[in-house]
Amino acid sequence: MSNPIRAGFLRGIVMRAPGITATTDFYTELWGLNVAKTADGITYLRGTGPEPFIYGLKDGDSYGIEYVHFGMDNRADMDALYAHVTAKGAPALGKPAVFDDPIGGYGFEILDPDNRRLRFTTELEANAEDDKFAYPRKVSHVVLNTPDMDALEAWYQEVLGFRTSDYSADMMVFMRCNRDHHSIALVRAQYPSVNHVAFEMPDLDSFMRGIGRMKQKGQVPSWGPGRHGPGNNPFAYFVSPSGYVIEFTSELQQIDEATHEAQVWSRTDPDSMDRWMTAGPPTPAQRAVMAGRPDAGFPHLRKG
């Protein structure tokens with residue numbers, strides 16, 4: 001029996017906020033990204049990996065996710081994924097086509113059950129890779145707050161083919177679409193919002209040097225450095241000028257599909273939250289900023 005069609009890989013995310021493009025210097029001078037393209041009211045930022053952009057800043061009158069961006073290897077897989085997700089009842093914002101924006105690519109968009117827009121693209125022009133020391137290579141994972149974690153987990157499994165890697169008690173689920181331990185994680189919460197976005201550094205020294213660069217610029221971690229239990233990745237969280245939580249990480253666990261079994265990690269054992277025991281548990285202030293601001297998403301479908 002052939003494998004079911006699945007979402008291929010995480011490319012990045014576009015965030016929306018009032019005046020967010022005015023914070024571009026924070027991401028280029030401190031965080032370590034470079035401007036890839038700009039258009040009216042939007043800035044696309046790239047890392048040192050092949051993606052044409054990994055993080056977008058879009059001016060808007062509300063705070064939230066403009067879209068989460070995934071990739072597929074080719075048009076045939078894209079068309080097959082579209083047929084699969086629409087057969088599963090996912091609301092599509094149009095049929096597969098070439099996007100008319102500065103990034104382009106062939107693909108389509110759907111909404112998840114929290115009205116969160118997900119974009120899928122292929123045939124994007126790749127950057128020349130440059131694992132520059134202490135600069136982000138890609139977006140490692142996106143963590144989403146949701147009022148119905150169980151239903152959303154099932155939706156990502158059934159509609160997009162994600163697999164569950166691990167749980168943090170009954171409060172968080174880590175989900176993968178490739179060998180990365182998690183590209184998406186879901187947190188049980190009061191309302192839909194973004195929890196945080198993690199940027200992958202090439203190695204542990206780059207991870208620590210990135211923290212050092214931020215500290216030299218007057219930006220100290222809001223939580224970390226430490227090393228998580230689920231995913232086994234080091235972490236250091238910061239708060240962006242628009243109030244979004246962003247993370248440096250590295251060395252995310254790579255899953256062996258033949259042998260991996262999901263486990264439930266404790267939230268009361270300090271070693272599960274931080275295996276180095278350097279960061280300790282998140283403070284109430286950290287939890288509050290990770291709760292984010294309610295994101296209504298995209299309730300009105302475009303005609304496709």
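Throughout, residues of each chain are indexed from 1 in the direction in which the sequence is written. Local features in a predicted model are, by the rule used here, given only for residues with pLDDT of at least 70; side-chain atom pairs are given and counted only at 80 or more, and totals for whole chains, interfaces and linings are based on all residues. Side-chain metrics rest on all non-hydrogen atoms present in the structure, leaving aside hydrogens and water.

Chemist: Explain the pattern of salt bridges residue by residue, including any values.
Modeler: Here a salt bridge means any side-chain nitrogen of Lys or Arg lying within 4 Å of a carboxyl oxygen belonging to Asp or Glu. On inspection of all chains with the given rule, the structure shows 16 salt bridges. For E66, the salt bridge goes to R117, with nearest N and O atoms at 2.8 Å. Placement of the pair is E66 in strand 5 (residues 64-71) and R117 in strand 8 (residues 117-122), with a sequence separation of 51 residues. Note on accessibility: E66 and R117 belong to one class, buried. Residues joined in a network through salt bridges with shared partners are R16, E66, D101, E109, R117, R119 and D295. Each helix corresponds to a stretch of at least 4 residues labelled H or I by DSSP, and each strand to a stretch of at least 2 residues labelled E; elements are numbered beginning at the N terminus. A 1.4 Å probe rolled over the protein chains alone gives each residue an accessible area, and that area as a share of the maximum for its type sets the label: buried under 20%, exposed over 50%, partly exposed in between.

Chemist: Pulling in residues and values, what's your account of the pairing of strand 2 (residues 34-39)?
Modeler: Sheet topology note: the strand 2/strand 3 (residues 42-46) ladder contains five bridges and is antiparallel. Considered in strand 3, the bridge of A39 is made with I42. Pairing between strands requires that DSSP locate at least two bridges from one strand to the other.

Chemist: Describe the sheet that holds strand 3, listing the residues and the values that go with them.
Modeler: A sheet is described by the order of its strands in space; here eight strands give the open sequence 2-3-4-1-5-8-7-6, paired in mixed fashion. The open sheet is flanked by strand 2 and strand 6 (97-98), the only strands paired with a single partner. Summarising the sheet, strand 5 and strand 8 pair through four bridges and their orientation is parallel. Bridge pairing in strand 8 links G71 to T121. Across the sheet, helix 1 (residues 24-31) is in contact with strand 2, strand 3 and strand 4 (55-59); its angle to strand 3 comes to roughly 15°. In the packing of helix 2 (residues 75-87) onto the sheet, contacts are made with strand 6, strand 7 (106-111) and strand 8, and the angle to strand 7 comes to roughly 20°. Whether two residues are in contact is decided by their heavy atoms: any pair within 4.5 Å suffices. Between N-to-C directions, angles cover 0 to 180 degrees, with each direction set by a line fitted to C-alpha atoms, over the stretch in contact for helices.

Chemist: Describe in detail the sheet that holds strand 15 (residues 234-239), supporting the description with residues and values.
Modeler: The strand order across the open sheet built from nine strands is 14-15-16-13-9-12-11-10-17, with neighbouring strands paired in mixed fashion. A strand with exactly one partner marks an edge of an open sheet, and here the two such strands are strand 14 (223-227) and strand 17 (264-265). Inspection of the sheet shows strand 9 (residues 138-146) paired to strand 13 (residues 193-200) by seven bridges, in the antiparallel sense. Across the sheet, residue H141 finds its bridge partner in strand 13, namely A198. The strands touched by helix 1 within the sheet are strand 13, strand 15 and strand 16 (245-249), with strand 16 carrying the most contacts at an inclination of about 20°.

Chemist: So, the side chain of S250: which residues are in play, and what are the values?
Modeler: Along the polypeptide, S250 turns up in the loop between strand 16 and strand 17. Leaving out residues up to four positions away in the same chain, S250 has contacts with M201, P202, D203, L204, F207, N233 and P234.

Chemist: So what about the nonpolar core? Which residues, and what values?
Modeler: By size, the foremost hydrophobic cluster in this structure holds 56 residues, and its most contacted members are Y55, F120 and L160. Residue contributions to this core peak at six residues, all from helix 3 (residues 149-160). Setting aside anything within four residues of it in sequence, one finds L160 in contact with R6, A7, V85, I110, L118, F120 and W155. Think of a nonpolar core as a cluster: buried Ala, Val, Leu, Ile, Met, Phe, Trp, Tyr and Cys residues, connected wherever their side-chain atoms sit within 4.5 Å. Within the second largest apolar cluster, seven residues are counted, among which are I42, F53, Y67 and I103.

Chemist: Describe the environment of A76, listing the residues and the values that go with them.
Modeler: On the secondary structure map, A76 appears in helix 2. Along the backbone, A76 and T122 are 46 residues apart, and their C-alpha atoms lie at a distance of 9.9 Å.

Everything listed here is a matter of coordinates, which is why it stays silent on function.
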